[in-house]
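Structural overview
Here's the letter readout for the chains.
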Amino acid sequence: MPEISNPPLGLFGGTFDPIHYGHLRLAEESIAQLGLGGVRWIPAGQPPHRVAPQVTARQRLEMVVRATEKNTRFSVDSGEVASVAPSYTVQTLERLRRELGDRQPFVLLVGADAFAGFSDWHRWRDIFALTHIAVSHRPGFPVEADCLPRDLASEFHTRYLADVGGLKCSPAGGIVTFAMTQLAISATQVRNLLGNGLSARYLLPDAVLDYIDIHQLYKST
Ligand code: ATP
């Protein structure tokens, strides 16, 4: 077993279309609750199934940068946005392992809704060798093994760590859950409000709303 010296690093991927306070509180609360050294935000590249996106991957990245820049524990990884090929989480984790080595504990942060679909992710079983997973509660999405697909429920049972302190003891392989302040905010809701000419203020940072305004994003066509 390699010796561990650094605190676990949180990795938070998402479309962030746009980033909102649900994302920001998840990342902020995960640091204290899970004992993380920081959180690296990883905005997704343009998903291939999205036709003629109104907002580019670069713009989503820029909004994440604006929302997170005042927090010294946050950093932003542009690797998936910069990639021309579709980026899969497993490949991003392999890149981060090459960059940061095999001993650094990684904790992939996912909301309960995202984790429920985890067994559909590309090479999902390989992900357990690369990172721990922390599943956050989200309004409307129970974090219960009974509600997961059978293969995923089985991994959940095997890998579940009742004590989050276990995250720092190995680089990868565990699953924990954590309860964050429940905020029923979604990017879909923000896009819908803006598309209908309504206010999304206080659901996301002003710096992001200013960017949306300047670039005239999320307007209905
Ligand atoms: P959309 O409404 O477009 O599907 P979203 O608001 O779910 O977007 P994503 O970028 O798809 O945002 O989510 C990135 C990650 O953040 C996912 O793991 C998701 O579960 C989590 N997440 C998003 N919103 C919340 C929230 N309000 N509370 C907890 N987790 C959240």
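Presented here is a report on the structure given in the accompanying data block. (Residues numbered from 1 in each chain as written. Predicted model: local features only at pLDDT ≥ 70, side-chain atom pairs only at ≥ 80, totals over all residues. Heavy atoms only, no water.)

Some words on the site of the ligand
- The environment of the ligand is formed by 22 residues, the closest being His-23, Asp-113, Leu-183, Ala-187 and Thr-188.
- Taking His-23, its side chain carries an N or O atom lying 2.9 Å from an oxygen atom of the ligand.
- Here an oxygen atom of the ligand and a side-chain polar atom of Arg-138 are 2.9 Å apart.
- Protein burial of the ligand: of its 610 Å² of free accessible surface, 87% is covered by the chains.
- Here the shell around the ligand is built from residues that sort into nine nonpolar, ten polar and three charged. (Near = heavy atom within 4 Å. Polar contact = N/O pair within 3.5 Å; in protein donor to acceptor, adjacent residues only side chain to side chain. Areas by Shrake-Rupley, 256 points an atom, 1.4 Å probe, with all protein chains shown as cover. Nonpolar A, V, L, I, M, F, W, Y, C, P; charged D, E, K, R; others polar.)

Side note on the pairing of strand 6 (residues 175-178)
- Pairing of strand 5 (residues 132-136) with strand 6 involves four bridges; the strand directions are parallel. Residue pairing in the sheet places Ser-136 in a bridge with Phe-178 of strand 6.
- Each parallel crossover has a hand, and the one from strand 5 via helix 7 (residues 150-159) to strand 6 is right-handed. (Pairing = 2+ DSSP bridges. Helix = DSSP H or I, 4+ residues; strand = E, 2+ residues; numbered from the N terminus. Right-handed = clockwise from strand over helix to strand, strands pointing away.)

Here we look at the nonpolar core
- Counting 35 residues, the largest nonpolar core has Ile-19, Leu-34, Val-39, Trp-41, Met-63, Leu-109 and Ile-212 as the members making the most contacts within it.
- For this core, the secondary structure elements donating two or more residues are helix 1 (21-34), strand 2 (38-43), helix 2 (57-68), strand 4 (106-111), strand 6, helix 8 (187-195) and helix 9 (206-214).
- If one sorts the elements of this core by residue count, helix 1 sits on top with five residues.
- When neighbours within four sequence positions are excluded, Trp-41 is seen to be in contact with Phe-12, Phe-16, Ile-19, His-23, Leu-24, Ala-27, Val-64, Thr-68, Phe-74, Ser-75, Val-76 and Asp-77. (Core = buried A, V, L, I, M, F, W, Y, C linked by side-chain atoms within 4.5 Å. Buried < 20%, exposed > 50% of the residue type's maximum accessible area, 1.4 Å probe, protein only. Contact = heavy atoms within 4.5 Å.)

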